Amino acid sequence: MRKKQFKAESKKLLDMMINSIYTNREIFMRELISNASDAIDKLYFKSLTDSSVGLAKDDFEIFLSVDKDARTITVSDNGIGMTQSELEDNLGTIAKSGSLDFKEDNENADENDIEVIGQFGVGFYSSFMVAKKVEVVSKAYGEDTAHKWTSEGADGYTIEECEKENAGTDIILYLKDDSENESYSTYLESYTLSELVKKYSDYIRYPIKTEMTHSVPDEEKEGEYKEETAVETLNSMVPLWRKNKSEIKSEEYDEYYKNKFYDYESPLSVIHFKTEGQVTFDALIYIPAKAPYDYYSKEYEKGLQLYTNGVLITEKCSALVADCFSFVKGIVDSADLNLNISRETLQDDYRLKIIAKAIDKKIKNELKKMLTSDREKYEKFFSTFGVQLKWGIYANYGAEKEQLQDFIMFKSAALDKYVTLKEYIEAMPDGQKDIYYAGGESPEKIKLLPQTEAVRAKGYDVLCFTDDVDEFAIQMLMEYDGKKFANICKDELDIASEDEKKELSDKNESAKEMLDEMKSYLGDEVSAVKFSNSVAGHAVGLSAGGYMSLEMAKVLNQMPGSEGKMKAELVLEINAQHPIAEKLFGLFAADKEKLKNYTKLLYNEARLISGLQLDNPTEFADMITALM
């Protein structure tokens, strides 16, 4: 027996395979099981045309065994096996994939008959991340002699004849000694192997078995327990998403979701579909009923679980889900994607974009269906994830605004319930030109605004913007169905008749000297003081001039580094029909000092009504006391 060197690969290359390609040591079990599955696939495929194989599909299996004393893990399969030359070619040459060769040689075979997973021929070498020595005992189908391949790493390998009764392969890993940073002994625990199979290989279509020990009640000794060991199948084999939808009950979907994604509440909706064409894939998408605790934090990671032929590739593939739909959970399974050499990440290609586009369309269709046929469920969804849809309108310079605008809703000041933009427009009375809205802390507080009362008095409804993103999204949207959006708390609000506008203009013109005097008392706090008919029966109100509204300024001032720096151009509006107007004229003529105090009182009153803080509440309180 002579030690042989790896063909054309150096110690440096194998070190790279072991230490650089894979980011997670536990991935070795996924790779070895995938290789075993490929070996079984090859013999099963042969059995379809060769009755001498003597094995039915149910006879194939993968078996995991552990010897704690010897510190070994053995992965066994009863697949096609390897001859001496195949051991040389497949294991003696790094990156030589027998599975890929087999797949290419049988590219016209039915996909249900052949689902080989290996593509790069490097998965086997992940064994050396946890093992100091690896033995491969293999007997090829139809051969009389078995062979054992042995290696301790980059120094080379040996091949010798050995005994093995049946065709198949046993891979024996001699685990490394534990260190301060790594406990390799954990892989010798049956529960660890079970967890790894469930996580990465649950949907391998052949049973993965091992001996499991459980503590069970001792029937002979009441109240006592005994250890009982039995062979168990660790994987479920047939993934839910590959079953026909007609065979699956809603309870099955719900239970799968709860177990898979650790949620105690059933999902609001399930999207289950299969697509064939440029890319063939199965998808099972869930819309949760509630948001995870960290959903609106930086720590939250979006993404769907990605499988290839039932083997988990990545827990969260973010490229499959648009940011606006980051709340969905689910699985995509496709054999058509280009994976990187470690099979841990995807290479960015057009296939991935095709899948993402199909998923995006399906989610939108499901939301539309929910909105039109189950309003109560949609409103529950929107109260939880509506903010994300609004951010979707604002994000990427409004690239998705036309796709999402029909899904957003706001509370109606008139109806006290959610309405869509379409429903708002359909309910607009004749003569209403714009879609009116106001921002505030809550719908209840928005209803109390003087401007809301004024607009409602004209018979128009007001949409209540209570989320930080609302006004930014609407600014990006600009209009809906030909109707522009109008903030009722902006200086340019136009709800007056032509006669009312003429009367108001004349009053402001005749009072210009007094209004300028009042503006001088407030300095830079306001950009103007004027008479208005937009504050209903109240004495005063505040509006904003320019681009930035009061609510936008509040939101921007909450951002780090912007505290207090963003200011809206405030306009103090005085009710032209209120008795306070005549009082002001009298003070302007007789008592300028008192006019100054009244001006400050009215301004602070307007700030309170608008939900703004007072710069000097003590001064305000003293002025009220003096007035009393």
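You'll find the structure just up there.
Everything numeric here is computed off the predicted structure, so don't read it as measured data.

Quick look at the overall build of the protein now. What the protein contains, in helices and strands, is 19 helices and 22 strands. Within the protein, the proportion of its 628 residues that are buried is 51%. Of the contacts formed within the protein by residues at least 6 apart in sequence, a portion of 70% connects residues at least 24 apart. With the model as given, the accessible surface of the protein reaches about 31,300 Å², and the carbon-plus-sulfur share is 46%.

Okay, the side chain of Asp41 next. Looking at where Asp41 falls in the secondary structure, it is placed in helix α2 (residues 27-47). According to the relative accessible area criterion, Asp41 is buried, its value standing at 1%. Side chain to side chain, Asp41 and Arg205 meet in a polar contact 2.7 Å long.

Another point: the packing of aromatic side chains. Counted according to the given criterion, the structure contains 29 aromatic pairs. Aromatic side chains Tyr295 and Phe385 sit 5.4 Å apart centroid to centroid with 85 degrees between the ring planes, which places their arrangement in the edge-to-face category. Of the two residues, Tyr295 sits in the loop between β10 (281-287) and β11 (304-308) while Phe385 sits in helix α8 (residues 375-394), which places them 90 residues apart along the sequence. Across the pair, Phe385 and Tyr295 agree in class, each one buried. When the centroid spacing of 5.4 Å and the interplanar angle of 55 degrees are considered together, the rings of Tyr378 and Phe381 count as tilted.

Inspection of every chain in the model, using the stated rule, returns 32 salt bridges. Where Asp467 meets Lys390, a salt bridge forms, and the shortest distance between an N and an O atom there is 2.9 Å. On the criterion of sequence distance, the pair formed by Asp467 in the loop between β17 (463-465) and α13 (470-477) and Lys390 in helix α8 is long-range, its members being 77 residues apart. Residue Asp467 is classed as partly exposed on the basis of its relative accessible area, which comes to 29%. Lys390 sits in the buried class, given a relative accessible area of 3%. Taken together, the shared-partner salt bridges in this structure form one network comprising Lys433, Asp494, Glu498 and Lys501.

Procedures and definitions
Residues numbered from 1 in each chain as written. Predicted model: local features only at pLDDT ≥ 70, side-chain atom pairs only at ≥ 80, totals over all residues. Heavy atoms only, no water. Helix = DSSP H or I, 4+ residues; strand = E, 2+ residues; numbered from the N terminus. Buried < 20%, exposed > 50% of the residue type's maximum accessible area, 1.4 Å probe, protein only. Contact = heavy atoms within 4.5 Å. Areas by Shrake-Rupley, 256 points an atom, 1.4 Å probe, with all protein chains shown as cover. Polar contact = N/O pair within 3.5 Å; in protein donor to acceptor, adjacent residues only side chain to side chain. Phe/Tyr/Trp six-rings, centres within 6.5 Å; stacked < 30°, edge-to-face > 60°. Salt bridge = Lys/Arg side-chain N within 4 Å of Asp/Glu carboxyl O.

The values reported here are purely geometric and, on their own, carry no functional implication.
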